[in-house]
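Chain residues, written in single-letter form:
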Amino acid sequence: MTDASLARQTMKDGIRPGGVIGILGGGQLGRMTALAAAELGYRTVIFDPDANCPAGHVAETVTAAYTDRDALDRFSAKVDVVTLEFENVPVEALTHLAQTVPVRPGATVLSAAQDRAVEKTFLNDAGIETAPWATIETPADIDAAVAKIGLPAVLKTSRLGYDGKGQAMIQPGDDVRAAFERFGRVPCVLEGLIDFECELSVIAARRDDGASAVFPPVMNEHRDHILYKTHAPAGLPDAVEQEAVEIARKATEGLSVTGLLAVEMFLTKQGTLLVNEVAPRPHNSGHWTMDACATSQFQQLVRAVCGLPLGSTDILYPAVMTNLLGDECEEWSEILSDPRAKLHLYGKSEARPGRKMGHVNRPK
């Protein structure tokens, strides 16, 4: 019997401290989850194709392709539970792992988050509003989609888009077919362009038994389609913030998430909340919780997937999180000269334009 299987048997209702958490993905989110897990007495094993991934600097790593079943089996034998740090993992990897170890969240949740059309269908079926949208799978679908949605609109690949990648703004008179061709004719969705007041996000945590906790809504600023600043709290009217919390809770319960679900929303100028997308993992807009919240999103993820009591989501003080993109990480000395600033660097070896190299939390 392996150490991992013994640990699973010794705590019927969860994974006790001293257990091992497996994390699919070795980026900065995996790194910060591993550090939070260590604070609670857990060890972590990272699975990532990159031997020099940021999370690998702080935890044991299995380096292999996500499709390598032998490597997945070696990984599974080392851990008591598996979670995610990003969505671009083949669903088949989760399905394979689930044969031998709990996977939280599971393949069903990942399938919904990986495909915009599936995601939006789920949200709309759950009574959660989104921007108007239509699918485009072949050139023959384009005219009907444009007639339904109108222009201007945004063409997005159904899968693998993030930080503005896989997106194209379509203005009246633009050639939608040309944009579809540039994306390689992969399945897309055409979304109506929303005239919004602001973008906000809410992160909800849920255990396997249904217990949940929701972090306060925060307001996000983007720069070149990449999150630049997050303001916590959002500072919106109480009714709007409460509605945002309930939307996040409804989405988390509807998907039966065990772990975290980040829900990005637009607040329209008419006061309506529309969900943009969901992510079943820690989220960039939750980094402020590491210093300005009673429980960080990363510790909350550990608590949720291990079946521990969820922590308080109370804000300790209003804060602003600023991403350090590209060579902005070289400003570390200046940042540290501010005694109130909390600097978090990810240990990435190369600073490229737009690449998230770290973040800093400051009181407002």
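Structure: see above.
Residues numbered from 1 in each chain as written. Predicted model: local features only at pLDDT ≥ 70, side-chain atom pairs only at ≥ 80, totals over all residues. Heavy atoms only, no water.

1. What to know about the overall build of the protein
1) Next: Helix and strand content of the protein: 12 helices and 17 strands.
2) Next: Here the C-alpha atoms of the protein give a radius of gyration of 20 Å, agreeing with the 21 Å that 2.2 N^0.38 yields for 364 residues.
3) Next: Structurally, the protein occupies a C-alpha span of about 65 × 50 × 40 Å along its principal axes.
4) Next: Of all 364 residues assigned to the protein, the portion counted as buried reaches 54%.
5) Next: Counted over contacts in the protein with a minimum sequence separation of 6, partners at least 24 positions apart contribute 61%.
6) Next: Put simply, the protein shows about 15,600 Å² of open surface, and 49% of that area lies on carbon and sulfur atoms.
7) Next: A gap of 3 Å separates the mean positions of the 35 positive and 48 negative side-chain charges of the protein. (Helix = DSSP H or I, 4+ residues; strand = E, 2+ residues; numbered from the N terminus. Rg over C-alpha atoms; globule rule 2.2 N^0.38 Å. Buried < 20%, exposed > 50% of the residue type's maximum accessible area, 1.4 Å probe, protein only. Contact = heavy atoms within 4.5 Å. Areas by Shrake-Rupley, 256 points an atom, 1.4 Å probe, with all protein chains shown as cover. Lys, Arg positive; Asp, Glu negative; His and termini not counted. Charge placed at Lys NZ, Arg CZ, Asp CG, Glu CD.)

2. Some remarks on the pattern of salt bridges
1) Next: Applying the stated criterion across every chain yields a total of 13 salt bridges.
2) Next: A salt bridge links Glu 87 to Arg 281; the shortest N-O distance between them is 2.6 Å. With Glu 87 in the loop between β4 (81–84) and α4 (91–97) and Arg 281 in the loop between β14 (273–279) and α10 (289–292), the pair connects residues that are 194 residues apart, well separated along the chain. The residues Glu 87 and Arg 281 share a single accessibility class, namely buried.
3) Next: Counted as one network, the salt bridges with shared partners bring together Lys 120, Lys 156 and Glu 191. (Salt bridge = Lys/Arg side-chain N within 4 Å of Asp/Glu carboxyl O.)

3. Here we look at the sheet that holds strand β1 (residues 20–24)
1) Next: Taken together, the four strands give an open sheet; going across it, the order is β3-β2-β1-β4, and neighbouring strands pair in parallel fashion. The two strands at the open ends of the sheet, each matched to only one other strand, are β3 (60–63) and β4. Between one strand axis and the next, the sheet turns through 25° on average, direction left out of account.
2) Next: Where β1 and β4 come together, four bridges link them in parallel fashion. Note that in β4 the partner of Ile 21 across the bridge is Val 81.
3) Next: Sitting on the sheet, helix α2 (residues 28–39) is in contact with β1 and β2 (43–48), with an inclination near 170° to β1.
4) Next: Along the sheet, helix α3 (residues 69–78) contacts β1, β2, β3 and β4; its crossing angle with β2, the most-contacted strand, is approximately 170°. (Pairing = 2+ DSSP bridges. Axes fitted to C-alpha atoms, helices over the stretch in contact; angles between N-to-C directions.)

4. Details of the nonpolar core
1) Next: If you look at the biggest cluster of nonpolar residues, it comprises 33 residues, and the most contacted ones within it are Ile 21, Tyr 42, Ile 46, Val 81, Trp 288, Val 302 and Cys 306.
2) Next: Ranked by residue count, the leading element in this core is helix α11 (residues 297–306), at five residues.
3) Next: The residues touching Ile 21, leaving out its near neighbours within four places in the chain, are Ala 37, Tyr 42, Arg 43, Thr 44, Val 45, Val 79, Val 81, Thr 83, Val 302 and Cys 306.
4) Next: Within the second largest apolar cluster, 27 residues are counted, among which are Val 109, Cys 198, Ala 234 and Val 275. (Core = buried A, V, L, I, M, F, W, Y, C linked by side-chain atoms within 4.5 Å.)

5. Observations concerning the environment of Arg 207
1) Next: When you line up the elements, Arg 207 lands in the loop between β9 (196–206) and β10 (212–214).
2) Next: Sequence separation between Arg 207 and Phe 122 is 85 residues, and the spatial gap between their C-alpha atoms is 21 Å.
3) Next: Residues in contact with Arg 207, not counting those within four places in the same chain, are Val 257, Thr 258, Ala 304, Gly 307, Leu 308, Pro 309 and Leu 310.
4) Next: Of note is the side chain of Arg 207, whose polar atom sits 2.5 Å from the side chain of Asp 209. (Polar contact = N/O pair within 3.5 Å; in protein donor to acceptor, adjacent residues only side chain to side chain.)

6. Quick word on α2
1) Next: Across its 12 residues, α2 extends 17 Å between first and last C-alpha, which sits within 8% of the 16 Å expected from 1.5 Å per residue.
2) Next: Among the 12 residues in α2, nine count as buried, and that is most of the element.
3) Next: Buried within α2 are the following residues: Gln 28, Leu 29, Gly 30, Arg 31, Met 32, Thr 33, Ala 34, Ala 36 and Ala 37.
4) Next: Next to the buried residues of α2 lie β1, β2, α10, α11, β16 (342–345) and β17 (356–363).
5) Next: The positive-phi residue at the C-terminal boundary of α2 is Gly 41, with phi of around 90°. (Expected span 1.5 Å × (residues − 1).)

7. Description of the pairing of β2
1) Next: Summarising burial for β2: five of the six residues are buried, a large majority.
2) Next: Relative to β2, β1 runs parallel, the two sharing five bridges. When the bridges of β2 are listed, Leu 24 appears paired with Phe 47.
3) Next: Where β2 meets β3, four bridges bridge the pair, whose relative direction is parallel. Bridge pairing links Ile 46 to Thr 61 in β3.

All we've got here are geometric facts, nothing functional implied.
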